[in-house]
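Summary of structural features
Each chain is listed here by its residues.
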Amino acid sequence: MAPEGRIWDVAVIGAGPGGLFAARALAGKASVLVLDEKGRTGGAGAMTDGKLNLSPHIGLDLAELRMGEEEARERIAAIDEAFLRHGADPVVYGEDRERIDMWLDRVSWARRKTPKGEWDITLLPARQRHMGTDLAHRVVGRMTESIASMGVEFSLGTHVQDIRLRSGGPFVLVTAKGEVRARYVLAAPGRDGAYWFRNTARRLGVETRYGSIDIGCRVEVALPVYDEITRVLYDPKFLFITPTHGDRTRTFCTNPGGRVRLEVRDGFRLVNGDALKARKTSNTNFAILNTVSMTEPIQDTTEMGRKVAEFANFWGGGESVVVQRWGDLMQGRRSRADTFHSAVMEYDKMTPTLPLGAGVTPGDISFAYPGRIVDNLRESLMLLSRVIPGVAHPSTAIYIPEIKFYDTKYATDKNLETNVPNLFVAGDGVGKSRGIVGAALNGCLAAEGILRKEGKA
Ligand SMILES: Cc1cc2nc3c(=O)[nH]c(=O)nc-3n(C[C@H](O)[C@H](O)[C@H](O)COP(=O)(O)OP(=O)(O)OC[C@H]3O[C@@H](n4cnc5c(N)ncnc54)[C@H](O)[C@@H]3O)c2cc1C
């Protein structure tokens, strides 16, 4: 790691897309050490589906970043170019105007006005590139080599336990391998490190506030059900306003020919999904997410999400996610192992990619999840079935919990510097992005902020 006594210009915590793109922008202009507790770079982004959302309206909050659409487009194009240069697939989805218009017409026909005068279903077309879980890590590997060749150093397998700051001195990062000193710290801890960083940042006096949290389910359908749209829009973004509660939900992270995956985070078992580039399954999965904000008496959305995850796992028998067939959910009964593949119920028409067994229990999501969220998820799928009828087939599988822990917000300036001077933040773990491209864009902004302070921008 670092020679004792050395003071780095910048220590970057996290080698996900946020940290990597920051390091890339700083390379050659500052001495940079990137620390990651994993033994590899790329964070969550390298080992996952690797869909690059190339729209300023997806995975980014332009208002939070105080950024105009034009600037966001330019920055996204530069990030896309970097992925392409390191071997990302050249195919871009979402450019066939004629077929996109056909889908927009279909949605216009199916949608209805809510009592508040808004449309209950909207489709948001977007350009997307798909790297695939099997190829994304190679792209990230090449990118890491090129960043390292520009002088950036990496300390992998290094968990940062604490960040300390003495007045006038550099930051001190405490790790099991020794202390690291740096004049600037850029924290890009991702969702894995979000809870740790929140506690650490608060001890340093960083201002934080609670944002909204996305709680939802993973839906798995037979490939032909969704194929017609995913050939045009790889990850179609449907936005819903639910009839009973008037809440906002949306589809997220679609994986045509993909797999439902277990995600272990902070001791909880969550669901997620991905797809390989080379080998496809006979199913498609996507998430439906319900955005939840809280005011009083509780505002802490992270704690709320943790409690929801814990309770859902409890209903799975302790350390398990819960899966329910749509047919069972609509009949008000739990799913059971002995009928899970029943031909009589037509459940044999879709064999889930995440098999029952270790970590996956058939059950009843309406016991395991808050009532309002279950209503919203059920109604969202019904709304979607107006446009794509097959999603409401009895064999459709619904998995919970799917929760996105990017809810703590940090007060920063436009360059993502916190109120603690020289402490910058970036990426999903600090609520500034919700995806690979967004996190990468954050990293670039923070790096530019550091260089500007150094008079090198
Ligand atoms: C299964 C799955 C599929 C996904 N598919 C997509 C997709 O198709 N498209 C998309 O845009 N997004 C996808 N995502 C989300 C995407 O991975 C994230 O949005 C993105 O990786 C966020 O980047 P980041 O740099 O903020 O954080 P991360 O990529 O999470 O990186 C943070 C890094 O910080 C490290 N870290 C945390 N705390 C510490 C500490 N204390 N000390 C040292 N290191 C620490 C972690 O080990 C991690 O490597 C997916 C996520 C999952 C889990």
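With respect to the domain arrangement of the protein chain
- Split by domain assignment, the protein chain resolves into domain 1 (7–89 + 131–210 + 408–453) and domain 2 (92–128 + 212–404).
- The centre of domain 1, based on its C-alpha atoms, is set 29 Å off from the matching centre of domain 2.
- The interface of domain 1 with domain 2 comprises 20 residues on the first partner and 31 residues on the second.
- For the pair domain 1 and domain 2, the summed buried area comes to about 2,100 Å², and 50% of that belongs to carbon and sulfur atoms.
- The tally of links between domain 1 and domain 2 comes to 3 salt bridges.
- Here Arg265 ties to Asp192 by a salt bridge, and the two come within 2.4 Å at their closest N and O atoms.
- Taken together, the links from domain 1 to domain 2 amount to 10 residue pairs in polar contact (both at pLDDT 80 or more).
- Taken together, the elements giving at least two residues each to the side of domain 1 that touches domain 2 come down to β3 (51–53), α6 (133–149) and α7 (194–204).
- Grouping the amino acids of the side of domain 1 that touches domain 2 by side-chain chemistry returns 7 nonpolar, 5 polar and 8 charged.

Examining the sheet that holds strand β4 (residues 92–93)
- Ordered by their spatial adjacency, 3 strands build an open sheet running β3-β6-β4, and the pairing between neighbours is antiparallel. What marks the edges here is a single partner per strand, and that holds for β3 and β4.
- Bridge count for β4 against strand β6 (residues 128–130) is 2 bridges, and the pairing is antiparallel. Looking at the pairing, Tyr93 lines up with Gln128 of β6.

Thresholds, definitions, all that
Residues numbered from 1 in each chain as written. Predicted model: local features only at pLDDT ≥ 70, side-chain atom pairs only at ≥ 80, totals over all residues. Heavy atoms only, no water. Domains from an automatic or database assignment. Contact = heavy atoms within 4.5 Å. Buried area = accessible area lost by both parts, 1.4 Å probe. Salt bridge = Lys/Arg side-chain N within 4 Å of Asp/Glu carboxyl O. Polar contact = N/O pair within 3.5 Å; in protein donor to acceptor, adjacent residues only side chain to side chain. Helix = DSSP H or I, 4+ residues; strand = E, 2+ residues; numbered from the N terminus. Nonpolar A, V, L, I, M, F, W, Y, C, P; charged D, E, K, R; others polar. Pairing = 2+ DSSP bridges.

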